[in-house]
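Now for the letters of each chain:
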Amino acid sequence: MHPLQCVLQVQRSLGWGPLASVSWLSLRMCRAHSSLSSTTCPSPERQEDGARKDFSSRLATGPTFQHFLKSASAPQEKLSSEVEDPPPYLMMDELLGRERKVYLETYGCQMNVNDTEIAWSILQKSGYLRTSNLQEADVILLVTCSIREKAEQTIWNRLHQLKALKTRRPRSRVPLRIGILGCMAERLKEEILNREKMVDVLAGPDAYRDLPRLLAVAESGQQAANVLLSLDETYADVMPVQTSPSATSAFVSIMRGCDNMCSYCIVPFTRGRERSRPVASILEEVKKLSDSPGFLAVMTLLGQNVNSFRDNSEVQFNNAVSTNLSRGFATNYKAKQGGLRFAHLLDQVSRVDPEMRIRFTSPHPKDFPDEVLQLIHERDNICKQIHLPAQSGSSRVLEAMRRGYSREAYVELVHHIKESIPGVSLSSDFIAGFCGETEEDHVQTVSLLREVQYNMGFLFAYSMRQKTRAYHRLKDDVPEEVKLRRLEELITVFREEATKANQMSVGCTQLVLVEGLSKRSATDLCGRNDGNLKVIFPDADMEDVNNPGLRVRAQPGDYVLVKITSASSQTLRGHVLCRTTLKDSSANC
Ligand code: 5AD
Ligand code: SF4
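Residues numbered from 1 in each chain as written. Chains lettered and ligands numbered in written order. Predicted model: local features only at pLDDT ≥ 70, side-chain atom pairs only at ≥ 80, totals over all residues. Heavy atoms only, no water.

Remarks on the environment of Val113
- One can find Val113 in helix H6 (residues 110-125).
- Val113 gets classed as partly exposed once you look at its relative accessible area, which sits at 28%.
- It is 8.2 Å that separates the C-alpha atoms of Val113 and Val143, two residues lying 30 residues apart in sequence. (Helix = DSSP H or I, 4+ residues; strand = E, 2+ residues; numbered from the N terminus. Buried < 20%, exposed > 50% of the residue type's maximum accessible area, 1.4 Å probe, protein only.)

Description of the state of the cysteines
- Within the structure shown, the criterion is met by zero disulfides.
- With no disulfide partner, Cys145 has as its closest neighbouring cysteine sulfur the one in Cys109, 6.2 Å distant. (Disulfide = S-S within 2.5 Å.)

Describing the sheet that holds strand E13 (residues 357-361)
- Spatial ordering of the open sheet is given by E7-E10-E13, a layout of three strands whose pairing is parallel. A strand with exactly one partner marks an edge of an open sheet, and here the two such strands are strand E7 (249-253) and E13. Strand-to-strand twist across the sheet, computed as the mean angle between neighbouring axes with direction ignored, equals 25 degrees.
- Taken together, the five bridges between strand E10 (residues 298-302) and E13 define a ladder with parallel strand orientation. From the neighbouring strand, Val298 faces E13, where its bridge partner is Arg357. (Pairing = 2+ DSSP bridges. Axes fitted to C-alpha atoms, helices over the stretch in contact; angles between N-to-C directions.)

Observations concerning the site of ligand 2
- As a matter of local geometry, ligand 2 sits amid Cys258, Asn260, Met261, Cys262, Tyr264, Cys265, Val267, Pro268, Asn305, His364 and Arg403.
- Per-class residue counts for the shell around ligand 2 are seven nonpolar, three polar and one charged. (Near = heavy atom within 4 Å. Nonpolar A, V, L, I, M, F, W, Y, C, P; charged D, E, K, R; others polar.)

Some points on the sheet that holds strand E3 (residues 139-144)
- As summarised here, the arrangement of the six strands in space is E2-E1-E3-E4-E5-E6, forming an open sheet in which the pairing is parallel. The sheet terminates laterally at strand E2 (129-130) and strand E6 (224-226), the two strands that pair on one side only.
- Across two bridges, the pairing between strand E1 (residues 101-106) and E2 is parallel. In the sheet register, Val102 faces E2, and the bridge partner there is Arg130.
- Running at roughly 180 degrees to E3, helix H7 (residues 149-168) makes contact with E1, E3 and strand E4 (177-182) of the sheet.
- In the packing of helix H10 (residues 211-219) onto the sheet, the strands contacted are E3, E4, strand E5 (201-203) and E6, and the crossing angle to E5 comes to about 160 degrees. (Contact = heavy atoms within 4.5 Å.)

Structural notes on the site of ligand 1
- Around ligand 1, the neighbouring residues are Ile147, Arg148, Tyr264, Gln391, Asp429, Ile431, Phe460, Ala461, Tyr462, Ser463 and Arg465.
- A distance of 3.0 Å is found between an oxygen atom of ligand 1 and a side-chain nitrogen or oxygen belonging to Arg148.
- Tyr264 is positioned with one of its backbone polar atoms (N or O) 3.1 Å from a nitrogen atom of ligand 1.
- Compared with its free state, where it exposes 400 Å², ligand 1 has 86% of that area covered by protein.
- The set of elements that each furnish at least two residues to the shell around ligand 1 consists of strand E15 (425-432) and strand E16 (456-461). (Polar contact = N/O pair within 3.5 Å; in protein donor to acceptor, adjacent residues only side chain to side chain. Areas by Shrake-Rupley, 256 points an atom, 1.4 Å probe, with all protein chains shown as cover.)

Focus on the packing of helix H13 (residues 342-352) against helix H14 (residues 370-378)
- Their axes nearest at 9 Å, the elements H13 and H14 cross at an angle of 20 degrees. It follows from the interaxial angle that H13 and H14 lie roughly parallel. In the crossing of H13 with H14, the sense of the turn from one axis to the other is left-handed. Only Glu371, Val372, Leu375 and Ile376 of H14 make contact with H13, whose side of the interface consists of Phe342, Ala343, Leu346 and Asp347.
- Taken together, the residues that form the contact of H13 with H14 break down as six nonpolar, no polar and two charged. (Parallel < 35°, antiparallel > 145°, perpendicular 65-115°, else oblique. Left-handed = near helix turned anticlockwise from the far one by under 90°.)

Next comes the structure, spelled out in structure tokens:
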């Protein structure tokens, strides 16, 4: 049996959810392997034999029932990466980084960027150093994405390059260790270890606290893995280390996982059940960031279903009040009740600093009750920008996707949002060529793009993922070339409509948060408007409304008023009028 299988089987047979005690037990099972004379894995038969033979002796020396009771009731902080009580066969200093240099590479969505910061925060506390130079690294960790086949192929290709680096490494240096973190580790588990023998460490999205131990095991030449999903891990007490401290924006993870089980999507399998971080810990992080020097202008609240947020950690709010969904929307799961909801969190976060813009991503259209829309409308610093992933414009396809709404309900929601938040900027995700999608279904999607006129769009060709409901129950029957042709058509229509939507800003004065120099021209600056659209304008002298008579140049993090003069599907152009503040701004559209 492979060490990983051995860990997985023990977990399965005991049926444990929470991480602490299970991963401790998995350590003890690894110990059985590490006591084998060879550092490479022995034959499966020998391993099974050995495991059976010394099972009773390990039982005698292993943790007691009380140990597990204690671990299960231990407060969250106990799980921290600052291991107080190392397992008996790993010395405390073996769990430390001993100044080994870690190179982290991130793939996929913003959640992965945040996960990279969490993983780094844990490793930094354990004494690792960070490097941005691949050649200098002792440990290379890839934070991976599984959402589409192409995302995974990129990682396989990268692993081949890294293999060469590992083989060429001079013997005078400590051996290079390579780790796969995140969704791909979770989805493929032992397949990665078997296919790519040079991968030393696998850590699923809920196992980052275990990284110091996994790397310590890898130091001894063995492969180490923890792909357990948790019901409650939110890394609430891990302050992510922001990778670019000069940036004008920060991301705060407020929830993890997804319970929606859309039929095409791997996320519920790789990131596990939906769970929200306690409001108090989110506010603490937001306040810390807002107080940190050199920062801050935009705070983005992150989650797989950010507006499905539900903090059940405070008993007094766990009443039987049922959930208000958007009209005409349903869930694939049993209705949840009580807890502090997204409107409450948004209200609290937006009060921390009236000059800090608040954004959130990625929401689900089912969770836009009126109180959330009202709040976005009335609070100046909550951006009037809503991502409303439609996925398809055909009710028949939406049903096959198990999205919980029809085209009509979605369109009604769009109208309701546009009425509730005048000037709102809308964006969406669409999938072309889902199982059973006909030309007529595709035409319906094209017509939805025309009807809504999104300002931004993220369009993908369907990529079949094992484990999903679509994989088991539906046929991936749209030929690749048809998927790509439909995707092209969606992109063309989206661009045409976005250009029209964005052109409505021409002649308006917009509040723009300056990010820095434009990538294309050294004489232009670049920033974002409230709708998150890029705005380019010449770097010129201007008045500061708070210091009349003073001429200033815009700096990153400044709010400026820009008169919009032209628009394309992705950018606005204009000229700067004055430097201002969010609360004093007199943007007119
Ligand atoms: N194939 C193509 N696109 C997908 N998405 C999710 N799963 C798949 C898949 N199997 C898209 C959806 C989702 C976005 C993050 O990725 O549009 O909203
Ligand atoms: Fe995937 Fe649907 Fe969950 Fe989004 S809501 S992460 S598409 S299952």
